[in-house]
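A closer look at the structure
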Amino acid sequence: MDARNLLTLLVLVGSILLLALAAELLEVRLFVRIVTNLFIMLVLVLGLQVFMGNAGILSFAHVGFMGVGAYTTAVLTIPVRMKGMALPDLYPLVAGLELSPFMGILAGGLVAALVAAVVAYPLMRLSDAAAVITLFALLVVLHTIMLHWSAVTNGPRTLFGLPRATGLGLAAAAAVLAVPLALLFKESRVGLLLRSSRDDEVAAAALGARVPFLRWQAFVLAAFMAGIGGALWAHFITSFSPKAFYLKESFVILAMLVIGGPGTVTGAVAGTYIVTLAFESLRALEAWLNRAQIFAEQVVGLTEVVLALAMIGVLVLRPGGLVATREVGTWLLRRRSKKGDAP
Amino acid sequence: MTAAIQFVIDVLSLGGAYALMALGLVIVYGILRLVNFAYGELVMAAGYTLYLVGGSPLPWLVMAALAVAAAVLTGIATDYLAFRPVRTKSVTAVLITSFAFSTLLQNAAQLLISPRPRSIPLPEVFSDTVTVLGVVTPARNLITIAAAAVLLALFTLAMRRTILGIAMRAAATHFTMARMLGVPANLVITTAFAISGLLAGTVALLWLGRIGTVVPRVGLEPLLIAFIATVIGGMRSLEGAVLGGFLLAFIDTSLNYTLPQDLLKFRDAFTFSLVILILLWRPAGLVRGPATGQRT
């Protein structure tokens, strides 16, 4: 790792630690919740960046793997005495199991990666629109399974009883680990080859890059991070239903990555910060409008409307996102060397 | 025998609707090589127009025409707002803008109308049943078959005989070359979106006739169907889209008839997995389109 990447890592991890420290010192419950949620989103968005940023393929399946992680940890960690109520039809093999949440989260990531490894192997041959559509189909398949596999997921109903294990510290630790993971992958041999295939698939393949295999590696890593993120989220929210892992969630995560810039890790982090800030303020505004009863009916969907407009705006004006190509470390070093050169 | 006729009617009516949906999506894809994620919202726009004019004393056919017109206008608006500004940029950028536009329309409907279902006016015919060759079937199934046949015939004729149709097919084959030969790009693209809206609007009437209500998310299922049908049939071929629509209807109906009750709820998972298998076997779909041309 050279100076640019080290500096990038330093700045990004520093920003996470600073935010965590601020939340810890302020001790406002709402703020702590928002920051914890932000760190979990950060893991998910960085996971998406690993695949989408390097392979250049839009993946809708990401949120599906988040769901796989969440349900995996749920099945493994809900206390045995709660399981009779929460999941009455669970298979006896796992019904007596009660792992610690930490193990559950790890298992969530591994199961998501395993599912991705099996399912995605053939899919990675597809490019462009066909790839996007099949990954969209994969999301629908995963959603259908979550919705109807009552024995494991409690069907479309809310699953409850998970131990609340994700606090500010754990979420921050996961986010701090996710940043170097994404950065290292991007700068690794696989990441470099993959990025060359993103820019010109035919040329990269002609030079000997095994494009489907490269994509597959990125996809599995992305699914692992999505699974971890989903499991962390599950232990943070403690009760959820399959609805949580569908298009609405996809849209938010995609908005974070696209507005920030899918090509860079810095972009993913910056996008998560910015969109979380916008999202929470808009939600607060929506809640305020509803409480003040300025309009006859409940205001719903305002947040999404504004986010969608912002996304279109960013893509029209800066198609690469706010941080398109240069990581923050590169940018800082260039600025310094430019200043140094000037007489 | 009656079971066989029942099966054929089911496949044809479902397939007709699916084929129209797929055709509406592929007409844009064929020319621009861009997937329109906001396609389902055209169905939604038609549905809400029906709901809004529902209280008026207009005859139903006029309301239906208004609904289709709304879908056409929404289609053209999609072109101007979501596609034209980013058309020359990366494929992913356009996919995302159309996805964002779809979310925008859905949430606008939620914000301005209501997140709850709204019932739409339907003519008597839609709830009647008729007997064909000893089989009792809802009349709307036959209407769907007839509408699909007429529209497909008209569409084929327009694509083969009119100048605009020929220009569109040329643009679908090789966009740059067509432009050099004097085909106006913006006109062709806007027309494609208008036709897309026309097909979606007509499908909306037939589709919503089954459900009777409209919700902001109503477009999701038609969108998925159109996606899958076009992927099976071949993304670049109009005939492929129609074939894919009928094939998907055949698969769906067969699964409906054969799957046991407790597996039936997983039908979508089966269908979509089958699609993935078909793609493994033929990544370009069943019907190959014209040689790939550069877009824009």
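Starting from 1, residues in each chain are numbered consecutively following that chain's sequence as written. Ligands are numbered from 1 and chains lettered from A, in the order in which they are written. Residue-level local features of this predicted model are given only where pLDDT is at least 70; pairs of side-chain atoms are given and counted only at 80 or more, and the full residue set underlies all totals for whole chains, interfaces and linings.

Let's shift gears to the overall build of chain A. Looking only at helices and strands, one finds 16 helices and zero strands in chain A. Every C-beta atom is placed from the backbone, and the number of other C-beta atoms within 10 Å of a residue's own sets its class: buried at 20 or more, exposed at 12 or fewer, partly exposed in between. Out of the 343 residues in chain A, the part that is buried amounts to 50%. Long-range contacts, defined as pairs at least 24 residues apart, comprise 81% of the intrachain contacts of chain A with a sequence gap of at least 6. Secondary structure counts use DSSP, requiring at least four H or I residues in a row for a helix and at least two E residues in a row for a strand, with both numbered from the N terminus. Distance between backbone-placed C-beta atoms decides contact: two residues are in contact if it is within 7 Å.

A separate point is the interface of chain A and chain B. Counting residues at the interface gives 36 residues for chain A, matched by 40 residues for chain B. Broken down by element, the side of chain A that touches chain B gets its largest block of residues, 13 residues, from helix 7 (residues 128-148) of chain A. Any residue outside Ala, Val, Leu, Ile, Met, Phe, Trp, Tyr, Cys, Pro, Asp, Glu, Lys and Arg is labelled polar, Gly included; the first ten of those are nonpolar and the last four are charged. Taken together, the residues of the side of chain A that touches chain B sort by class into 27 nonpolar, five polar and four charged.

Most peptide bonds take the trans form, and the phi angle of most residues other than glycine is negative. All names here are of chain A. Positive phi is not limited to glycine here, since Glu27 has a value of about 60°. For Glu27, the position within the fold is in the loop between helix 1 (3-26) and helix 2 (29-55). Not every positive phi belongs to a glycine, and Thr238 is a case in point at roughly 65°. Within the secondary structure, Thr238 is located in the loop between helix 12 (211-237) and helix 13 (247-260). Under the C-beta neighbour-count criterion, Thr238 is labelled partly exposed, with 17 such atoms within 10 Å.

For every residue, the predictor states its confidence as a pLDDT score lying anywhere from 0 to 100. For chain A, per-residue confidence averages 87 on the pLDDT scale, and residues scoring 70 or more make up 98% of the total. Mean pLDDT across the elements of chain A ranges from a minimum in helix 16 (residues 328-341) of chain A, with 77, to a maximum in helix 12 of chain A, with 94.

Bringing the packing of helix 13 of chain A against helix 15 (residues 302-317) of chain A into the picture now. Residue and element names in this part refer to chain A. The N-to-C vectors of helix 13 and helix 15 enclose an angle of 30°; their axes lie 10 Å apart at closest approach. For the crossing formed where helix 13 meets helix 15, the hand is left-handed. For the pair formed by helix 13 and helix 15, the contact residues are Phe251, Ala255, Val258 and Ile259 on the first element and Glu304, Leu307, Ala310, Met311, Val314 and Leu315 on the second. Considered class by class, the residues forming the contact of helix 13 with helix 15 number nine nonpolar, no polar and one charged. Note on method: axes are straight lines fitted to C-alpha atoms, helices fitted across the in-contact stretch only, with angles between N-to-C directions ranging 0 to 180 degrees. For a crossing to be left-handed, the near helix must be turned anticlockwise from the far one by less than a right angle; the clockwise case is right-handed.

It is worth spelling out the packing of helix 7 of chain A against helix 9 (residues 220-233) of chain B at this point. The N-to-C vectors of helix 7 of chain A and helix 9 of chain B enclose an angle of 130°; their axes lie 10 Å apart at closest approach. With respect to helix 9 of chain B, the element helix 7 of chain A is oriented oblique. Where helix 7 of chain A crosses over helix 9 of chain B, the handedness of that crossing is left-handed. Side by side, helix 7 of chain A and helix 9 of chain B meet where Ala130, Ile133, Thr134, Phe136, Ala137 and Val140 of chain A of the first sit next to Leu224, Phe227, Ile228 and Val231 of chain B of the second. Tallied by class, the residues present in the contact of helix 7 of chain A with helix 9 of chain B amount to nine nonpolar, one polar and no charged. Small angles under 35 degrees read as roughly parallel and large ones over 145 as roughly antiparallel, with 65 to 115 read as roughly perpendicular and the rest as oblique.

Here the focus is the nonpolar core. Counting residues in each nonpolar core, the largest one holds 211 residues, and the members touching the most others are Val43, Leu46 and Met311 of chain A together with Tyr18, Ala22 and Ala46 of chain B. Ignoring anything within four residues of it in the chain, the contact list for Tyr18 of chain B reads Ile225, Ala229, Gly245, Phe246, Leu248 and Ala249 of chain B. By our criterion, buried Ala, Val, Leu, Ile, Met, Phe, Trp, Tyr and Cys residues that link up through C-beta atoms within 7 Å make up a nonpolar core.

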